[in-house]
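# Chains, contacts and geometry: an overview
Given next are the chains, with one letter for each unit.
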Amino acid sequence: MGKLFERFPDPLARLIVVVVAMVALGAFAYFVLIPKPVKDIEFQWADAVKTEKARPVRYAGFQVCEECHGEIHNTKKTGYHKDLSCETCHGPAKAHSENPDKVKPNIPTARTFCPQCHAYNPSRPRGFPQINPVAHNPLKPCSSCHNPHDPKPPTTPKECSACHGEIARMKAVSHHVQLECTTCHQAPQQHKVSPRSVKPTKPQAREFCGKCHGKDATDKLAKNAPKVDLGEHGEKYVCWQCHYPHSPEVEQ
Amino acid sequence: MNPEIIRSLQELLPQIQGYIYPNEIEIHWGLLIVVYPYITGVVAGAFILASLVKVFNVKEVQPLYRLSLLTALAYLLVAPMALVSHLGHPGRFYEILLTPQTSSAMAMFGFVYAWYLMAVLLLEIWFVHRTDMIDMAENSTGATRLLYRALSLFSKDKGERAVAFDHKALKVITIVGIPSAFLLHGYVGFIFGSIKANPWWSSVLIPIVFLFSAIVSGIALVVLLYMIITPLTGGKINMKCVDKAVDFLFYAVIVDFSLEMVDFIHRVYQSEEEIKILSEMVMSKLFLSLIIVQVLLGMLVPLLLISLTKIFKKRFSLNEDMRKMVYFISVILIQFGIFATRWNVVIGGQMFSKSFRGLTTYKMEFGGIEGLLYAIVLLALPIAILFVLMKVLPPWKELREEGETGTEALGGAGM
């Protein structure tokens, strides 16, 4: 130890040497060995930014869709799905926006798609429309009853469901969900006052159901309905004597 | 969901309850992050025990002084391994020191750690063992002599002035060391406490609860090591010392328990929207680790056991073996309890969904870097390091200072 260090106690002098050596070593490493750009945070991030920039853009954004599909946009903007972007359901559409004729975006029709959000799950928020995909109109694509751009749940008139709630709930998940109660039943005004003495009508002829389910049915609603030959199928009976119309069991 | 992801999560998916967000199915902070606060806790606790001797002049625990310091060092060396192993790029850990982000609590930890290691623990251990190292260099030959000479920084001065400086320096370092130890472990609690999006962690009491549980685990571990090492090396356990250390442990457990209860009562009284899911989590997923291991076995049973030795003081003071057994069981239970505390904070905080409507689950791996085996290695490593440290810097001098048999004869004999 030099003369300067003799003024300090021996352990302190030795520690000072060690600390000075370490600081000098650290400073040498920091200032000399490490190139300046490496210490720059922007330099460290440069590669990450470059990688992100190099990734292909696949999404177009809903504003681009609006340019051509203004009508759908107008329908959607007030409906329940107004907060969903077009590409949420239709997938990335950048390629479609650049070449609309050649590249078509996906239209999800599989019954597994909508239940991703609407399948029954007890922990989903109250009031959120949920269905049991197994019991709720199986085999039918969701869009055959619900317009995905303006989904409104089919409703039974309140004046019917007030007393016939059970039927209303059953019908709500059946193939006949789209039919108004009054399609099949004529309910006189008096039925609401004295429901037991004045009853609504029931279809009395096989031809009534045949309008949709007859072999030659032309009704627009009957496009996907199961068809039978009324001449050969249970000719002695009115249809509802065998088939419960609020939850028809026949599958396509 | 992607079928590949479903396949990889098929063991977890059936165990999920309620509605959780898709990114919450897998828990990202696993066993290593549980091990990490446990280890830093031991470091802080062991150092606080050591400071009882130097700062607060508690003569009875003098035999534990060197052992506590070496324990703290052994555990401190392993502490960052858990974090660095958990990183996606462990080879880049030094960047945190090269380009520090002053706004990042994690980055600042690097400096707190370095400060604690270099300026507190190593320095204190060096001053404590300096004269011994000079002695050992003089009494040995060859490589050993060179090792001790290097360790003592080639000092040969055992004069009055140098020794007086050693004592003065030790006191200053310990005084600086106490807030540093608090900072080291308080910071871990600070990280958890400042994640305000997570109601299980977001509490101002968390750093303080962490601190007291650290003190509890550190003292308990050093007592446990002392009670195991001393008989193994042919010494006699100094019951006066153990009694006093357990006294401090007892008070620390009471404070720790009270703080946790205050936190718990505050949560229940406040009853914010998360209370339902948290209570469901505590009663289902964390029942064993929180209610049984942490509270019952880790706190209430040791408190009861130690209380018994105080209530029936006469009976216990006559029967030293009985007292030893009660202490031994208590400190082991406390270790499990504190480990469960860390587990419940780290894993518990990630088990409930941000939707507050569902609970996910933690599937522990056995092998791999995040697995049980590696965690066991990390927990065993400090013991191995301590073994080496004790060989190089024997703590026997003070470990047996007031021991009854063969104190000096065995001094420096190793294990």
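Our subject is the structure that appears above.
Reference entry: report on the structure contained in this document. (Residues numbered from 1 in each chain as written. Chains lettered and ligands numbered in written order. Predicted model: local features only at pLDDT ≥ 70, side-chain atom pairs only at ≥ 80, totals over all residues. Heavy atoms only, no water.)

### A few points about the overall build of chain A
- When you go through chain A residue by residue, the secondary structure sums to 15 helices and zero strands.
- Relative to its length of 252 residues, chain A is extended, with a C-alpha radius of gyration of 36 Å against a globular reference of 18 Å.
- Structurally, chain A occupies a C-alpha span of about 125 × 50 × 35 Å along its principal axes.
- Per-residue burial over chain A gives 19% buried out of 252 residues. (Helix = DSSP H or I, 4+ residues; strand = E, 2+ residues; numbered from the N terminus. Rg over C-alpha atoms; globule rule 2.2 N^0.38 Å. Buried < 20%, exposed > 50% of the residue type's maximum accessible area, 1.4 Å probe, protein only.)

### Observations regarding the overall build of chain B
- Within chain B, the regular secondary structure consists of 17 helices and two strands.
- For chain B, the C-alpha radius of gyration of 23 Å lies close to 22 Å, the compact-globule estimate for 415 residues.
- Over its C-alpha atoms, taken along the principal directions, chain B stretches across nearly 75 × 60 × 35 Å.
- Evaluated residue by residue, chain B yields a buried proportion of 51% over its 415 residues.
- A total of about 19100 Å² of accessible surface is found on chain B, and carbon and sulfur atoms cover 68% of it. (Areas by Shrake-Rupley, 256 points an atom, 1.4 Å probe, with all protein chains shown as cover.)

### Topic: the interface of chain A and chain B
- On the chain B side, the residues contacting the 22 residues of chain A number 22 residues.
- The contact between chain A and chain B buries some 1700 Å² in all, and 66% of this surface belongs to carbon and sulfur atoms.
- A per-residue breakdown of the area chain A buries against chain B is headed by Pro11(A), Arg14(A) and Ser123(A), which together make up 30% of the total.
- If you look at where chain A meets chain B, you find one salt bridge. (Contact = heavy atoms within 4.5 Å. Buried area = accessible area lost by both parts, 1.4 Å probe. Salt bridge = Lys/Arg side-chain N within 4 Å of Asp/Glu carboxyl O.)

### Some points on a nonpolar patch on the surface
Residues and elements named next belong to chain B.
- Where nonpolar side chains cluster on the molecular surface, the patch consists of Met364, Phe366, Leu372, Leu373, Ile376 and Val377 and spans about 510 Å² of accessible area.
- Along the chain, the position of Leu372 falls in helix α15 (residues 372-392).
- In this structure Leu372 comes out as partly exposed when scored by relative accessible area, which is 31%. (Patch = residues over 30% accessible without salt bridge, like charges linked within 9 Å, V, L, I, M, F, W, Y side chains within 5 Å.)

### Regarding the side chain of Ser140(B)
Residues and elements named next belong to chain B.
- Turning to its location among the elements, Ser140 is positioned in the loop between α5 (105-138) and α6 (142-151).
- Look at Ser140 and you get buried, because its relative accessible area is 15%.
- Of note is the side chain of Ser140, whose polar atom sits 2.5 Å from the backbone oxygen of Met136.
- Dropping the residues within four chain positions of it, Ser140 is found in contact with Arg145 and Tyr148. (Polar contact = N/O pair within 3.5 Å; in protein donor to acceptor, adjacent residues only side chain to side chain.)

### Observations concerning the packing of aromatic side chains
- In the structure shown here, the tally under the stated rule is 16 aromatic pairs over all chains.
- Aromatic side chains Tyr30(A) and Phe31(A) sit 5.1 Å apart centroid to centroid with 90° between the ring planes, which places their arrangement in the edge-to-face category.
- Between the aromatic rings of Phe192(B) and Trp201(B), the centroid separation amounts to 5.0 Å while the plane-to-plane angle is 70°, which identifies the pairing as edge-to-face.
- Residue Trp201(B) is classed as buried on the basis of its relative accessible area of 4%.
- Members of the aromatic cluster, joined through ring pairs, are Trp29(B), Phe192(B), Trp201(B) and Phe210(B).
- Positioned above the aromatic ring of Tyr65(B) is the side chain of Lys54(B), whose terminal nitrogen or guanidinium carbon lies 4.7 Å from the ring centre. (Phe/Tyr/Trp six-rings, centres within 6.5 Å; stacked < 30°, edge-to-face > 60°. Lys NZ or Arg CZ within 6 Å of the ring centre and 35° of its normal.)

### Things to note about the side chain of Glu24(B)
Residue and element names in this part refer to chain B.
- You can see Glu24 is positioned in the loop between β1 (17-19) and α2 (31-54).
- Salt bridges are absent for the buried Glu24, whose nearest opposite-charge side chain, Lys354, sits at 4.9 Å.
- Dropping the residues within four chain positions of it, Glu24 is found in contact with Ser353, Lys354 and Thr360. (Lys, Arg positive; Asp, Glu negative; His and termini not counted.)

### Focus on helix α9 (residues 239-270) of chain B
All names here are of chain B.
- Here α9 spans 45 Å end to end across 32 residues, near enough to the 46 Å set by a 1.5 Å rise per residue.
- The backbone nitrogen of Lys240 has a side-chain oxygen 3.1 Å away, supplied by the residue at the start of α9, namely Asn238.
- Positive backbone phi, at 40°, marks Ser271, one or two positions downstream of α9. (Expected span 1.5 Å × (residues − 1).)

### Remarks on the nonpolar core
All names here are of chain B.
- Of all hydrophobic cores here, the largest spans 118 residues; its most connected members are Tyr116, Leu121, Val223 and Val242.
- It is α2 that provides the largest number of residues to this core, a total of 18 residues.
- Not counting the four nearest positions on each side in its chain, Leu121 is found in contact with Phe47, Leu69, Ala72, Leu73, Leu76 and Tyr116. (Core = buried A, V, L, I, M, F, W, Y, C linked by side-chain atoms within 4.5 Å.)

### So, the environment of Val222(B)
All names here are of chain B.
- Secondary-structure assignment places Val222 in helix α8 (residues 206-232).
- Val222 gets classed as buried once you look at its relative accessible area, which sits at 0%.
- Expressed as a C-alpha distance, the spacing of Val222 and Trp201, which sit 21 residues apart in the sequence, is 29 Å.
- Once you skip the residues sitting within four places of it in the chain, Val222 turns out to touch Ala46, Leu49, Leu64, Leu67, Ser68 and Thr71.

### Focus on the packing of helix α3 (residues 65-86) of chain B against α8(B)
All names here are of chain B.
- Packing of α3 against α8 brings their axes to within 10 Å, and their N-to-C directions diverge by 115°. If you check the angle between α3 and α8, you find them roughly perpendicular. Considering how the two elements wind past one another, α3 and α8 form a crossing that is right-handed. For the pair formed by α3 and α8, the contact residues are Leu67, Ser68, Thr71 and Tyr75 on the first element and Leu221, Val222, Leu225, Tyr226 and Ile229 on the second.
- Considering only residue class, the contact of α3 with α8 consists of seven nonpolar, two polar and no charged. (Axes fitted to C-alpha atoms, helices over the stretch in contact; angles between N-to-C directions. Parallel < 35°, antiparallel > 145°, perpendicular 65-115°, else oblique. Left-handed = near helix turned anticlockwise from the far one by under 90°. Nonpolar A, V, L, I, M, F, W, Y, C, P; charged D, E, K, R; others polar.)

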